Amino acid sequence: MFNQMKFNPFIIACALMISVTAQADHIPNIDCMIEPNATVELSSPVAGVLNTLTVDRSDKVKKGEIIATLKADVEKVSVKTSEERLKLINIENTRAIELYREKAITLSDKDKSDSEKILSELELKNAKANLDMRHIKSPFDGVVVKRYFNPGEFVENKPIVRLAELNPLKIEVVSPISNYGKIVKGMKAKILPEFGNYENLIAEVVIVDKVIDAASGTFGIRLELANEDYTIPGGLKCKVQFMLDTAREEKADNEEVTAVQTMVASILPDSEAPSLESGILTIGSISNEPEESGNEHEASNHEHEVSNHEHEASICATIGPYKKQATINNFIKELETKIIKSSLRTELETATNYHIRSDVFDSLEQAKAQMKVMKAANIVDIALINDQSNYRISLGLYSHKSIANERLNALLAKGYQASMKPMERVIKMYWADTIYLPQSDDALNEVISGSHRSACSEAVKKGLLE
């Protein structure tokens, strides 16, 4: 039997080439840096004396929140004057309209009164705009990095505070050119910070540079990492571990094997042509069975392939979970022309947050005094709690118990009395089971990230197709 085996060096070389190609898709960990999504040197559009500055370093700010004001006594008087003038002109305009109806004045007199009213309204808007320019507002949700001025100082063209946007965080990566084409927009990656006990940090690729740096043979990549509770600080060095799409890898490998198989078959005689069974390249024949049996085997394989083709003509995928029904509705609407059928469902999930808090203080004054001491010691993310006259200091709310324990132990080590309280809440999550054709797969990849899409069961698929 072994004497009948034919080993062709060309085919063996092709098989080795396929093995090497499959191994080349691995992407080793790459150094990265976790940075704020944006930093802003916030300044005033007009010069003036700083009247109030309500934030300090490490304080959280909301988008649109007024964090500083300039002295605006003159502008307030201007607004008040414009309001009173507009009231008077409105009265005169109402009289002018009545007199015109009674034909006591001409149309020209009425139009003049209307114009005066419009000009007075514009004057009031201008006065309010001048006053509003002396209210310095945060352009995004974030934290204060640095404070440059104090109330009473003159502000001209210099920044008042520096703000950093920490949700999401951006992660900058410089990758060797060998990874170009393997890393694509929308790919997921695990982030491994060099400091801190963080678990399951999954970021998404949002930018892949289209230009290669020829001098260094590298290209840039940017990822976004959610940081809703601000537990991850900016400025950390890290490692990024890209999570390759296994399904796409297998598809690409099979396409490469099929291409090599076709190339070999075009060169060798039919008796030596390779076959592909279960992804394994088989060379030659070692069977002594009659030719008729081989034909029956080929016919059986053909029927199986047709059956698989019919079964896989449509794809069933589950999209979710999402916390808002509007989010998944928008996705389904955007993909309306690509999806054959969809079904929305909801599930209730229990999430646990961990609240770090101080012991109860005897009075509000004691709690405020303790807060001042903690701020002076650079203890951030603190707030006063008044629960039925039981005054406490909130020291942070965390979604990961390990991070909450780290915060609690750090506070206890510094001599502060604190404890951790688990807080459970029920969250409604939304899912959608969908049916679509294979040619719509790329369209779904552009809209739905890989972490929010998975294959559904045959039972679900059958239920949707019925």
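Residues numbered from 1 in each chain as written. Predicted model: local features only at pLDDT ≥ 70, side-chain atom pairs only at ≥ 80, totals over all residues. Heavy atoms only, no water.

**Considering the overall build of the chain**
Then comes step 1: Of regular secondary structure, the chain possesses 10 helices and 20 strands.
Then comes step 2: Counting only residues that meet the buried cut, the chain has 30% of its 466 residues in that class.
Then comes step 3: Once local pairs closer than 6 in sequence are excluded, the contacts in the chain between residues at least 24 apart make up 76%.
Then comes step 4: Total accessible area computed for the chain in this model is approximately 28,900 Å², and 52% of it derives from carbon and sulfur atoms. (Helix = DSSP H or I, 4+ residues; strand = E, 2+ residues; numbered from the N terminus. Buried < 20%, exposed > 50% of the residue type's maximum accessible area, 1.4 Å probe, protein only. Contact = heavy atoms within 4.5 Å. Areas by Shrake-Rupley, 256 points an atom, 1.4 Å probe, with all protein chains shown as cover.)

**Section: the state of the cysteines**
By definition, a disulfide links the sulfur atoms of two cysteines through a covalent bond.
Then comes step 1: A complete count under the given rule lists two disulfides for this structure.
Then comes step 2: The disulfide that involves C32 links it to C238, with 1.9 Å between the sulfurs. Here C32, found in strand β1 (residues 30-42), pairs with C238, found in strand β12 (residues 237-243); they are 206 residues apart in sequence, far enough to count as distant. Residue C32 shares its accessibility class with C238, and that shared class is buried.
Then comes step 3: Linked covalently through their sulfurs, C316 and C456 form a disulfide whose S-S length is 1.6 Å. In this pair, C316 sits in strand β15 (residues 315-322) while C456 sits in the loop between β20 (453-455) and α10 (458-465), placing the two residues 140 residues apart along the sequence. C456 carries the same exposure label as C316, and that label is buried.
Then comes step 4: Among the cysteines of the chain that take part in disulfides, numbered as they appear in the sequence, the pairing is 1-2, 3-4. (Disulfide = S-S within 2.5 Å.)

**Details of the pattern of salt bridges**
Then comes step 1: Inspection of the entire model under this criterion finds 12 salt bridges.
Then comes step 2: A salt bridge links D31 to K239; the shortest N-O distance between them is 2.4 Å. Of this pair, D31 sits in strand β1 while K239 sits in strand β12, and the two are 208 residues apart along the sequence.
Then comes step 3: Among the residues examined, D31 registers a relative accessible area of 52% and is labelled exposed. (Salt bridge = Lys/Arg side-chain N within 4 Å of Asp/Glu carboxyl O.)

**Overview of the sheet that holds strand β16 (residues 339-358)**
Then comes step 1: Spatial strand order, β17-β18-β16-β19-β15-β20: six strands in an open sheet with antiparallel pairing. A single partner strand is all that each edge strand has here, and the edge strands are β17 (383-387) and β20. The sheet shows a mean angle of 35° between the axes of neighbouring strands, direction not considered.
Then comes step 2: Contacting β17 and β18 (390-398), helix α7 (residues 364-376) crosses the sheet at an angle of about 35° to β18. (Pairing = 2+ DSSP bridges. Axes fitted to C-alpha atoms, helices over the stretch in contact; angles between N-to-C directions.)

**Let's talk about the packing of helix α2 (residues 73-101) against helix α3 (residues 107-132)**
Then comes step 1: Across the interface, α2 lies against α3 with an axial gap of 9 Å and an inter-helix angle of 160°. Judged on the interaxial angle alone, α3 and α2 are roughly antiparallel. In this structure, α2 meets α3 at a crossing whose hand is left-handed.
Then comes step 2: Looking at the contact of α2 with α3, its residues break down into 10 nonpolar, seven polar and 12 charged. (Parallel < 35°, antiparallel > 145°, perpendicular 65-115°, else oblique. Left-handed = near helix turned anticlockwise from the far one by under 90°. Nonpolar A, V, L, I, M, F, W, Y, C, P; charged D, E, K, R; others polar.)

**Topic: a nonpolar patch on the surface**
Then comes step 1: The grouping of I118, L119 and L122 at the surface amounts to a nonpolar patch, some 300 Å² of accessible area in total.
Then comes step 2: With respect to the helices and strands, the residue L119 is situated in helix α3.
Then comes step 3: The exposure class assigned to L119 is exposed, which follows from its relative accessible area of 55%. (Patch = residues over 30% accessible without salt bridge, like charges linked within 9 Å, V, L, I, M, F, W, Y side chains within 5 Å.)

**A closer look at the nonpolar core**
Then comes step 1: Counting 47 residues, the largest nonpolar core has I171, L223, V240 and F242 as the members making the most contacts within it.
Then comes step 2: Beyond its immediate sequence surroundings of up to four residues, L223 is in contact with L169, K170, I171, V173, A189, A203, E204, V205, V206, V240 and F242.
Then comes step 3: Core analysis: the next-biggest nonpolar cluster, separate from the first, contains 17 residues, V46, V55, A68 and L163 among them. (Core = buried A, V, L, I, M, F, W, Y, C linked by side-chain atoms within 4.5 Å.)

**Concerning the confidence of the model for the chain**
Then comes step 1: With 79% of its residues at a pLDDT of at least 70, the chain reaches an overall mean of 78.
Then comes step 2: pLDDT under 50 marks residues 1-24. Its contacts with residues more than four places away, or in other chains, come to 31 contacts.
Then comes step 3: A low-confidence stretch, residues 246-254 stays under pLDDT 50, and its non-local contacts, those more than four residues away or across chains, total six contacts. (pLDDT = per-residue confidence, 0-100.)

**Let's talk about the side chain of S314**
Then comes step 1: In this structure, S314 sits in the loop between α5 (291-311) and β15.
Then comes step 2: Among the residues examined, S314 registers a relative accessible area of 13% and is labelled buried.
Then comes step 3: Beyond its immediate stretch of four places on either side in the chain, S314 contacts I435, Y436, L437, K461 and L465.

**Quick word on unusual backbone geometry**
Then comes step 1: Here N167 and P168 are connected by a cis peptide whose omega angle stands at 0°.
Then comes step 2: With an omega of 0°, the peptide bond between G320 and P321 qualifies as cis.
Then comes step 3: Within the secondary structure, P321 is located in strand β15.
Then comes step 4: Residue K103 is not a glycine yet carries a positive backbone phi of 60°.

**Quick word on the pairing of strand β9 (residues 188-193)**
Then comes step 1: The pairing of β9 with β12 spans six bridges and is classified as antiparallel. Note that in β12 the partner of P193 across the bridge is C238.
Then comes step 2: Here β9 runs beside strand β10 (residues 202-208); their pairing, made up of three bridges, is antiparallel. Of the residues in β10, the one forming a bridge with K190 is I202.

**So, the sheet that holds strand β5 (residues 135-137)**
Then comes step 1: Here four strands make up an open sheet; going across it, the order is β5-β4-β2-β7 and the pairing antiparallel. Each end of this open sheet is capped by a strand with a single partner; those strands are β5 and β7 (154-155).
Then comes step 2: Summarising the sheet, strand β2 (residues 48-53) and strand β4 (residues 66-70) pair through three bridges and their orientation is antiparallel. In the strand pairing of β4, L50 is matched with L70.

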